[in-house]
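# Fold and geometry: a report
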Amino acid sequence: MTPMKWFYGFLKKYRKLMISGLFLTTIIAALSIVNPYISGIMVDDVIVAGNYDLLPKLIGCLVAITLVTCVLRFLYLLMFETASQGVLYDMRSTVYRKLLEEDLNFYNKKRTGDLMSRQTGDMDAIRHFVAGIIYSVYQNVLLFAFALVMIFTVSPKLALCMLVVLPFTAISTFMQSKEVKPAFQRNRDCFSSLNAFVQENISGNRVVKAFAKEEYEKGKFQVENDRFRDAQIKGSRVWMKYVPIFEILAYALTVVLMLYGGYMVIQGEVTLGDLVKVNGYLWMLNSPLRMAGWWVNDIQNFVTSVEKIYATYSEEPKVRTPRFAPTQKPEAEFDYSHEKIRGEVEFRDVSYSADDEDIVKDISFKVEAGQTVGIIGSTGSGKSTLMNLLCRFYDATTGQVLVNGTDVRDMDLYNLRDNIGMAMQDVFLFSDTVEGNIAYGRPDCSFDQVKKAAIMADANHFIKSMPDGYDTIVGERGMGLSGGQKQRISLARALLKDPSILILDDTTSAVDMETESYIQKQLKSIKEGCTVFIIAYRISSIKDADLILVMDEGRIIERGTHSELLAMDGYYAKAFHNQYGEIPEELLQKKSIA
Ligand code: ATP
Ligand code: MG
């Protein structure tokens, strides 16, 4: 599908409204030819021939036409505005829905600011085209054609003379159109880039402040700002040089009329009234010529925006539900029913590589439903990646990840993730109340359930001490929370889902030991059959797990229970001694070499 076909799909729904608008536009264009016609009659029949009785009728006619035109203009503007808002509404929703479906690789590659520009600036260029350009081009082309026909009825020779300018206009329009397109593409790229820069700086404002890099960021902003301004000026220069050409062509018509028309009056080929009539049609010929340059800009801007939005839209997520998987996605927006799956997990020779680099290699392990798995290992060893593969944020390059004996790639994505509760390493809270954040995965649950989850995550007492308790707004625009508090809200959010698989990625790293041991006790009380993955650096967080996996450079280097691993006297045992006693010299040396 081409970007334009895709766009037409949105326009189609408002076809009737648009056609009605164009019909009214046609009537207005037709009425426009009456005024100059009446002016001609006034000169020939009223002023020259002295038929003064005609005057009130002609004036009445002019007033009536003006009134009808005003009403029709209001109506068609309303129609085009409604259609444009409708197209925009549908397009925004469609693009946003697609954005939500995109996989993590898509978001890893894209800048938030760029995606925001697609949904704002580019969408607005489309709205402007639908609301203002379509009817304007149509109306002016009609006016031009009608005027030409009317002049033809007065004098075919005069009409043909005036047509001389048309080829020049066509050539200029074509040349401008070719030249402005790359300029507009550059403009939009610079706009996106500026947006992305500002967005990143606002989000990362704390880092900028902490490193006192305000001046440095101001300088970088200056560069982006300059680039955008220069691109705008350069783009403007491209189309500005065509403005005089279109103006000259428009005035050329007046010159042709005055010279040749005047000559024809002198020769008696046409009357003075005819000349006045044709002069009245002149603006109808001039207007499209004057506006052609602007239209070219707006149309190219529109085309660039549609192409950019479509390029983002048409990126298909690699991770998606296979067609043959039973779809569990609730049809109704507020249907929160979910089908439980057994939390048995198996990794079979799983490897995952990104950009030709192995991230995890030859991972094999099996966990029965209800067991607890501890994962420990150096930073960047691939622990979170394992969990990302389990949730199908990415698909394994080779091997299989199985949940309840089924390859996750053959499962319904919604159903799989609905059964997984994940407290991620980088906690994200929405601008919502504490209750809203905790109940994010189960918005239909009761307040008591929210409170129970908060108690299990040891979050209840600090939430209660907040100004509005569970109704306190947190997240981007909300109250500041400590790292440990955020972790506990995120843990409560994962627990409330009542998942079959619970993933706690570094979830208790920012809480004190006492709180951690309380949370661990609570975790033991969660429903039977829930498989728990705990990723941690602290031995205390994982030592009671049924299976502990030790990872290094993307591989499982040791596995077993706490006592088995201690007996191995390998990485785990060293980490244990490191945390509970002296740091072995060997480990220190390894770190300093690395
Ligand atoms: P930490 O303990 O610091 O959280 P980790 O063991 O969870 O580390 P991962 O987040 O799994 O480590 O990352 C493992 C490696 O893979 C890192 O070197 C990281 O840079 C790389 N990596 C992770 N995701 C991607 C990706 N989508 N594309 C490219 N590289 C990635
Ligand atoms: Mg991690």
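Below: a short report on this structure. Since the structure is predicted, the reported quantities are computational estimates derived from the model, not experimental observations.

Closest axis-to-axis distance for the helix α16 (residues 447-456)/helix α18 (residues 483-496) pair is 8 Å, and the angle between their directions is 125°. With respect to each other, α16 and α18 are oriented oblique. Note on packing geometry: the crossing formed by α16 with α18 is right-handed. For the pair α16 and α18, contact is made by Gln449, Val450, Ala453, Ala454 and Met456 and by Ala492, Leu495 and Leu496, respectively. For the contact of α16 with α18, the residue count by class is 7 nonpolar, 1 polar and no charged.

Remark on secondary structure: sheet strands pair via backbone hydrogen bonds, oriented parallel or antiparallel. Ordered in space as β6-β9-β10-β3-β11-β12, the 6 strands form an open sheet in which the pairing is mixed. One side of each edge strand has no neighbouring strand; the edge strands of this open sheet are β6 (420-423) and β12 (555-560). Strand after strand, the sheet turns through a mean of 15° between neighbouring axes, direction not considered. With 4 bridges connecting them, strand β3 (residues 372-377) and strand β10 (residues 531-535) associate as parallel partners. Note that in β10 the partner of valine 373 across the bridge is phenylalanine 533.

Around ligand 1 sit 13 residues, and of these Thr379, Lys383, Thr385, Gln425 and Tyr537 come closest. At 2.8 Å, a backbone N or O of glycine 380 approaches an oxygen atom of ligand 1. The separation between an oxygen atom of ligand 1 and a polar side-chain atom of serine 384 is 2.7 Å. Notes on ligand 1: free accessible area 630 Å², of which the protein chains cover 65%. Of the residues forming the shell around ligand 1, the biggest block, 3 residues, is contributed by helix α13 (residues 383-390). Among the residues forming the shell around ligand 1, the class breakdown is 4 nonpolar, 8 polar and 1 charged.

This part is about the pairing of β10. By the criterion of burial, β10 is predominantly enclosed, with 5 of the 5 residues buried. What you see with β10 is no split at all: Thr531, Phe533 and Ile535 on one side and Val532 and Ile534 on the other are buried throughout. When strand β9 (residues 501-505) meets β10, the two strands line up parallel, connected through 5 bridges. Each residue of the ladder has a partner; that of aspartate 505, found in β10, is isoleucine 535.

Most of α13 sits out of view: 7 of its 8 residues are buried. Within α13, the full set of buried residues consists of Lys383, Thr385, Leu386, Met387, Asn388, Leu389 and Leu390. Arginine 392 occupies a position one or two residues after α13 and carries a positive phi of about 60°.

The rules behind these values
- Residues numbered from 1 in each chain as written.
- Chains lettered and ligands numbered in written order.
- Predicted model: local features only at pLDDT ≥ 70, side-chain atom pairs only at ≥ 80, totals over all residues.
- Heavy atoms only, no water.
- Axes fitted to C-alpha atoms, helices over the stretch in contact; angles between N-to-C directions.
- Helix = DSSP H or I, 4+ residues; strand = E, 2+ residues; numbered from the N terminus.
- Parallel < 35°, antiparallel > 145°, perpendicular 65-115°, else oblique.
- Left-handed = near helix turned anticlockwise from the far one by under 90°.
- Contact = heavy atoms within 4.5 Å.
- Nonpolar A, V, L, I, M, F, W, Y, C, P; charged D, E, K, R; others polar.
- Pairing = 2+ DSSP bridges.
- Near = heavy atom within 4 Å.
- Polar contact = N/O pair within 3.5 Å; in protein donor to acceptor, adjacent residues only side chain to side chain.
- Areas by Shrake-Rupley, 256 points an atom, 1.4 Å probe, with all protein chains shown as cover.
- Buried < 20%, exposed > 50% of the residue type's maximum accessible area, 1.4 Å probe, protein only.

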